[in-house]
Amino acid sequence: MFYKLLLILSLSFFAQAAERPRGVSSAKASFYQPGKDFKCLTSGETVPWEFVNDDYCDCKDGTDEPGTSACANGFFFCENRGHRGSYIISSRVNDGICDCCDGSDEFDEKIKCGNTCDEIGRKEREEREAFRQLQEQGYKIKQEYMQQGKRAKDEKRARLSELEKQMAELTAARDEIQTRKDEVEAPETEAKERHQKAWEELKAARQAEKDRVKAAHAFAELDANRDNVVDYPEMQKHLEFDIDSDGTVSVEEAREYLDDSDGVDLAKFQDKIWTNIKDIYKPPAEAQETKEALPDEDVATGSQDEEDRGEDSAKPKEAGEEEEKMPPYDEETQKLIEAADVVRKEYDEAADKVKDAENEVNGLKKYLEVDYGPDEEFSALRDQCFELTDREYTYKLCAFDKSSQRPKAGGIETSLGKWGHWYGPEEDKYDAMKYENGQSCWNGPSRSTHVNLHCGVENKLTGASEPSRCEYQFEFTTPARCKQPEPVTGQHQHTEL
Amino acid sequence: MKVAGFFLLGLASVFSVQRDNFRTCDNVGFCKRHRALEPGTSSYAASASSMKLNPTSVSLDVLEKKSDVKFTLTIFGLKDNTFRIRLEEKDAMRKRYEPPVGDVLIKVPEGEELKYNGQSGNQLTFNKGTSRVVLTTEPLRIDVYSDDDPVISINSQGLLKFEHTRPKPEAPPAENQDEENKEEAQEGEEEQQKEEEVKEEEVKAEPEEPDMWEETFKSHTDSKPFGPTSIGVDISFPGVEHVYGIPEHADSLALKTTKTTDPYRLYNLDVFEYDLYNPMALYGAVPLMLAHNEKRTVGVFWLNAAETWVDISSNVADKSIFSNLADFVTGNNEIPQTDTHWFSESGVIDVFLMLGPGPKDVFRQYAALTGTTPLPPLFSISYHQCRWNYNDQDDVRTVDENFDKFDIPYDVIWLDIEHTDGKRYFTWDAAKFPNSIEMLRNISSKGRKMVTIVDPHLKRDDNYKVFAEARDKGLLIKNKDGGDFDGWCWPGSSGWPDFLEKHVRDWWADKFSASEYVGSAPNLYVWNDMNEPSVFNAPEITVNRDIKHLGGWENREVHNIYGMYVHEATMDGLLKRTNYQERAFVLTRAFFAGTQRTAAVWTGDNMGEWSHLKISNPMIMSLNLVGITFSGADVGGFFRNPDNELVTRWYQAGAFQPFFRAHAHLDTKRREPYLLPDENVKVIREAIRARYTYLPYWYTEFFTSEKDGAAVMRPLWVEFPKEKATFGIDDNYMIGSALLVRPVTDQGATNANVYFPGAGEVWYDVETYQTYKGQQEVNVQAPLSKIPVYQKGGTIIPRKMRPRRSSTLMFDDPFTLVVALDPKQEANGQLFIDDYRTFKYRDGAYGFIKYSFTSHKLHSNVEHQGSGFTTKEWLERVIVVGLPHEPRKVTLHQSGQTKELIFTYDSTTHVLIIRKPGVNILQNWTISLH
């Protein structure tokens, strides 16, 4: 049917071709009346018939020279019998390149063009048919996608509004428990603090006592002549009291530590002197150790291990002394705590419910805020990743999420962008996607990916390239881009502009 | 392409030149020594008694009185108002390098009788035509007069300094330490110590100064085995305020005084992201200066291939800097004078003085010395599309198809370094370009060409045939110790053939044959980049000065000429492919005097910034002034991402510059013109088409320039030499004698100041035919779509108005003649046509037609039609602009026949369009307006 119709049309072109000027389509033939003045089709000037196709441009719109290259803005009509008529730019007439498949654009014998229309026409029809079938198959799948997508959207919307409603209840429940929780926690905290404070005081008293004992030991040791007075000559024997580090403990230095007196008894030592010197004072054994260590200091500091070990051995000793545990709470406090624990548990459960609901709401919102196409057909791609490996890299596209590449030989993945927005032309924005703000390039922008979408029966990443540094281009086929095929009839109505 | 940015990667986003990679005068021993000289009495004296007179030359002995070293001074009279002055050492210990005759000078310049006119006091006078040379013997000085006006004085300030060859001092300070110590002696302390010792030496003996026998820059030590060899002298131009030339510098057209800067430096260097408006050296060097005033233009050509510096001072310009109160008070009205001081690291003093008297005379005089740009094949003056890089064959095909889809003409698509197998030139990346022949055939089917890059560095890889062969045959340059020089460039460790040697150039040329360059085709041409040469890990990103060339020369002696030999050998290789039948095309980044004969030049790695668009005009004009007429700048700018407006304005400028190529760095966004918004695509399409419509004019200009050496892109003063207001203008220029161009180079501009030169001239806007009177500046409307271009009244320009996909497809297309009338209602023009691609025009196979309009008649006069040369081209249309009244009738007279022609006349614009004379272009005829 189709071929027959085409044949008839072609024959009718042929019949008229002899009568109309070169490069004019049958549709416009009536404007070119041999022998009559020609009116430029859009610019409107009138020129004698002899000026038509005389290889000189007279009309502003270029329509007096449909069959020559004279007008820079003109068009030449190729009949292309066996294929499909088409217009070419006038400058392509007689330029030595065969542009029309029937070779009609080259008639000045610069070049001999064969007629390839039959071949091209057949090929194109085959391609068109193949594409039509592809579209048909793809469109079937797309319809499923559309259904799924719409269903998913409806479900998610419903769930969202349900959750939003529940949210108020859940929050109110949680808040109510919070009030109770605050009520039981107040006496609990008070009791615990009281207990704690008492313990701190007891600990301080014990510490003071320990200190006095230490002071007494030190006093006994310092009081070399055992006259129950520590005097400055006794202090002078302890090199740690050498304030100006001149190697000797002067009288002044010794006296300064003794509160500017010549000597003190145990009571005064414990009350006044010990606090000032306890961090300086070294018992004889320790002083000896330090002295021996000194010459090796350089070596010792060179090794981190030794330093660490030194600290380790010093600390546990002191910690051990103080590691007294707080006694358990009294019964009353214990009861308060147990009561509070019950409410707290209740509260945590309620709060978790709110948080779970919030998370679900956020997830739903995130889903719903993406535009999955006019019929939700692209939602089928969500949460799916597709890979393509070329000579050097494996490229990955996770729809509505991210794009990336990693070296084929192994290595870390580089982000080529995160889902940004639809990127097709204004009239067909679902033609392409943009993933942006990927890993930054040296001295350049952050990486981004432009994904061109094509109709195909499967979701597949079919191409990946980097036309500009750090600007990637993916080709992706998906049934979601398949249009409803036009009915077979009426296709060749587009044979002329 | 590009740059030695390789080693700068660590310095992320530092967007300007790494100045400390390059030496300033303070880092260069001989520069410091010459610059330190004070004007005074020269210690050189000529001996009148030693004078030897020859018919066209005279020579004398010259003595440097402090050192007692003898020199020979020779003054040559040359044809066409030119003199040559040479000073060389009489008993030199070592021969000094001079570029062989045939390499820079195309031949031994033809002599002309020099008449000895006797001695008066210590002055000897020699006459030649209307010029004379006065030689003062002591102190030595040479004054050149033209028509009794002093025009050039040499050594009038006594700055002559010729460092004679000398034995290395037996115990020079640097040698006090043994070798091992010397290695370590690079630390500052020791360095200082050395200098101090040198100073001691200085006092007691011959003036030995630091840096004479060894110099260190950054971590590099220059061994200087031959010691100090520099030469220098002052050259003054009395009565001159403006000097031009000595490219390559990113600076204004009129050279500036260097009182407060370094001297202008000539040393071929790969400068990463170069700065503007300073005298730093760039990729190429032509030591030719033009000095111009209202009365006269003269040229000085300093024939020396070594590093050269030029100081410029001017009693006018410097006065404004150091305001001279004394002059002001006394009202001293002294004559302006520009003093220059030239010094080179080695070589001899060999200076050509071209006395004009007009700018075009100087062009011709210089052309007689170094040759001209041969007529480029038509495709090469069309539009070139380049990028680092078109990734693969698919990419090339897509770009090619898109140009057709968007109906934008282009002739040549280019491939940068990534097309090769691992930067091994003459090879292809097999994965990306599996079938280059098919790709080339596809391009060729639309008359288009391809250019691939071939750099002179060869990857050190035994399996890379070109390298292995060069190494095995001993063709590589050597390091100072005699081994093959090993440096880093794009492929990593590399070797460099020694292009100074003819046998190496011949070897290289053979690499372009179809059998050697596998995957090439006849429509493939070549681009030589990195030929300074660029060496990433060497001092100043170029070879060490003490590396050895095969002929025994150190690179310091020949540095600036190396790059020219590279592109010369490349061009020879391309011509050999067709047995010298078809013309070819080579683009080079490095250049020297003589480069014009075998390559086009571009201004290297510029930036996508407005300032770089602006500087492209003076930079290309400077190249044009020194004979490199076929030159251009990367359209769009190489580095960075220019915005749409800048790209668009750059296309408009590039369309009216001689070499028209868009190029972009690997890291930039794609910017092929069709990728821009519709508004910009439209404007760029029009700009490129405008280029194609003017191709016949460009082609004719290149043809005449091959004969007379004239600049194609001309400063206004070349066309209006007496009009002082034009001397400093470098944002307006002329193409030939007929077109005035003022590219818009300011962001957001919707207006432009155009200077219309010429008292009594009238200029026509080429689009609107609006008229402007000469000798005035006018602020014209220049929205984004507008390129301010004007045709001079009195000229006739041939155009082809049918835009095709490439220039090849326009060969047979008809012409339109645009006759722009001057106030006397007259105009003249010319047209050259041939086959647009072969050398047959040199055998006379071309047509040359003169057009003249006078007394209401347009005459076509075929001045030359080679026997057997015919063309299908015909005359489609004649546009007469500036015709005040509508003719009653227009008739065509040819071979006794008369035919009436149809015409239209616009009485508001005064434009007459004559319809379809239809005559073949190679015919004599007359069109009469009645």
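Residues numbered from 1 in each chain as written. Chains lettered and ligands numbered in written order. Predicted model: local features only at pLDDT ≥ 70, side-chain atom pairs only at ≥ 80, totals over all residues. Heavy atoms only, no water.

Chain B is annotated in an unreviewed UniProt entry as Neutral alpha-glucosidase AB from Littorina saxatilis. Comment text from UniProt for chain B, heading Sequence similarities (unreviewed entry), reads "Belongs to the glycosyl hydrolase 31 family." The UniProt entry for chain B carries this comment under Pathway (unreviewed entry): "Glycan metabolism; N-glycan metabolism." (UniProt positions renumbered as here; feature names shortened; annotations may be inferred.)

Under an unreviewed UniProt entry, the name given to chain A is Glucosidase 2 subunit beta, and the source organism is Littorina saxatilis.

Here we take up the overall build of chain B. Helix and strand counts for chain B come out as 17 helices and 50 strands. In terms of overall dimensions, chain B is globule-like: its C-alpha atoms have a radius of gyration of 29 Å, near the 30 Å expected for 930 residues. Oriented by its inertia axes, the alpha-carbon framework of chain B measures out at about 95 × 70 × 55 Å. Out of the 930 residues belonging to chain B, those deemed buried represent 65%. Put simply, of all contacts in chain B between residues at least 6 apart along the chain, 72% involve residues at least 24 apart. Side-chain charges in chain B split into 104 positive and 133 negative, and the spacing between the mean points of these groups amounts to 8 Å. (Helix = DSSP H or I, 4+ residues; strand = E, 2+ residues; numbered from the N terminus. Rg over C-alpha atoms; globule rule 2.2 N^0.38 Å. Buried < 20%, exposed > 50% of the residue type's maximum accessible area, 1.4 Å probe, protein only. Contact = heavy atoms within 4.5 Å. Lys, Arg positive; Asp, Glu negative; His and termini not counted. Charge placed at Lys NZ, Arg CZ, Asp CG, Glu CD.)

With that settled, consider the UniProt feature "domain: Glycoside hydrolase family 31 TIM barrel" (unreviewed entry) in chain B. Those residues carrying the UniProt feature "domain: Glycoside hydrolase family 31 TIM barrel" (unreviewed entry) are residues 373–700 of chain B in this numbering. As annotated, residues 373–700 of chain B has a helix share of 33% and a strand share of 12%, and its two end C-alpha atoms lie 13 Å apart.

On to the environment of Lys218 of chain B, then. Residue and element names in this part refer to chain B. Counting through the fold element by element, Lys218 comes out in the loop between β11 (215–217) and β12 (220–222). Given a relative accessible area of 47%, Lys218 falls into the partly exposed group. Every residue in contact with Lys218, bar those within four places of it in the chain, is listed here: Asp20 and Asn21. Among the polar contacts made by the side chain of Lys218, one reaches the main-chain carbonyl oxygen of Asp20 at a distance of 3.2 Å. (Polar contact = N/O pair within 3.5 Å; in protein donor to acceptor, adjacent residues only side chain to side chain.)

Each partner contributes to the interface: chain B provides 33 residues, whereas chain A provides 26 residues. In this assembly, chain B packs against chain A so that about 2,600 Å² is buried in total across both faces, 42% of it on carbon and sulfur atoms. The partner of Asp407 of chain B in a salt bridge is Arg92 of chain A, and the shortest N-O contact between them spans 3.4 Å. On the surface where chain B and chain A come into contact, there are 19 residue pairs in polar contact (both at pLDDT 80 or more). Put simply, the parts of the chain that give the side of chain B that touches chain A at least two residues each are β46 (875–881) and β49 (911–915) of chain B. Counting residues per element, the side of chain B that touches chain A draws most heavily on β49 of chain B, which supplies three residues. (Buried area = accessible area lost by both parts, 1.4 Å probe. Salt bridge = Lys/Arg side-chain N within 4 Å of Asp/Glu carboxyl O.)

Glancing now at the state of the cysteines. Evaluated as defined, the whole model comprises nine disulfides over all chains. Covalent S-S linkage joins Cys78 of chain A and Cys100 of chain A, the inter-sulfur distance amounting to 2.0 Å. Taking the sign of the S-S torsion, about -55° here, the bridge from Cys78 of chain A to Cys100 of chain A comes out left-handed. With Cys78 of chain A in strand β3 (residues 75–78) and Cys100 of chain A in the loop between β4 (86–89) and α2 (117–222), this residue pair connects regions lying 22 residues apart in the sequence. Linked covalently through their sulfurs, Cys101 of chain A and Cys117 of chain A form a disulfide whose S-S length is 2.1 Å. Judged by the sign of its S-S torsion, about 100°, the cystine formed by Cys101 of chain A and Cys117 of chain A is right-handed. Of this pair, Cys101 of chain A sits in the loop between β4 and α2 while Cys117 of chain A is found in helix α2, placing the two residues 16 residues apart along the sequence. For Cys101 of chain A, a relative accessible area of 7% puts it in the buried group. For Cys117 of chain A, a relative accessible area of 0% puts it in the buried group. No disulfide involves Cys386 of chain B; its nearest neighbouring cysteine sulfur is the one of Cys489 of chain B, lying 17 Å away. Given a relative accessible area of 2%, Cys386 of chain B falls into the buried group. (Disulfide = S-S within 2.5 Å.)

Let's shift gears to the packing of helix α7 (residues 393–405) of chain B against helix α8 (residues 436–444) of chain B. Residues and elements named next belong to chain B. It is at 11 Å that the axes of α7 and α8 come closest, and there the two elements cross at 5°. Here α7 is positioned roughly parallel relative to α8, judged by the angle of their axes. Judged by residue contacts, Gln393, Val396 and Arg397 of α7 engage Ser436, Met439, Asn442 and Ile443 from α8. By residue class, the composition of the contact of α7 with α8 is three nonpolar, three polar and one charged. (Axes fitted to C-alpha atoms, helices over the stretch in contact; angles between N-to-C directions. Parallel < 35°, antiparallel > 145°, perpendicular 65-115°, else oblique. Nonpolar A, V, L, I, M, F, W, Y, C, P; charged D, E, K, R; others polar.)

Moving on, we get to helix α10 (residues 502–510) of chain B. Looking at α10 of chain B, one finds that the buried residues are Val504, Arg505, Trp507, Trp508 and Ala509 of chain B. Structurally, α10 of chain B contributes buried residues whose contacts are with β24 (458–459), α9 (465–472) and α12 (562–576) of chain B.

Take the sheet that holds strand β26 (residues 492–495) of chain B next. The strand order across the open sheet formed by three strands is β24-β26-β25 (chain B), and the pairing between neighbours is antiparallel. This sheet does not close on itself; its edge strands, each paired only once, are β24 and β25 (487–489) of chain B. (Pairing = 2+ DSSP bridges.)

On to the confidence of the model for chain A. All names here are of chain A. Of all residues in chain A, 86% have pLDDT values of 70 or greater, and the mean over the chain is 85. Low pLDDT (under 50) marks residues 290–321, which in the prediction has five contacts with non-local residues, meaning those over four places away or in another chain. In the predicted structure, residues 490–497 sits below a pLDDT of 50 and forms 15 contacts with residues beyond four places in sequence or in another chain. (pLDDT = per-residue confidence, 0-100.)

Residue and element names in this part refer to chain B. In terms of burial, helix α14 (residues 644–654) is a largely internal element, nine of the 11 residues being buried. All of the buried residues in α14 are Leu646, Val647, Thr648, Arg649, Trp650, Tyr651, Gln652, Ala653 and Gly654. Its buried side turned inward, α14 meets β21 (383–385), α13 (610–625), β31 (634–635), β32 (660–662), α15 (678–693) and β34 (733–735).

Here six strands make up an open sheet; going across it, the order is β33-β34-β35-β40-β37-β38 (chain B) and the pairing antiparallel. Each having just a single partner strand, β33 (713–714) and β38 (771–773) of chain B make up the two edges of the open sheet.

Here, UniProt's "domain: Glycosyl hydrolase family 31 C-terminal" (unreviewed entry) annotation points to residues 709–797 of chain B. Along residues 709–797 of chain B the backbone is 4% helical and 38% strand, and the end-to-end C-alpha distance reaches 20 Å.

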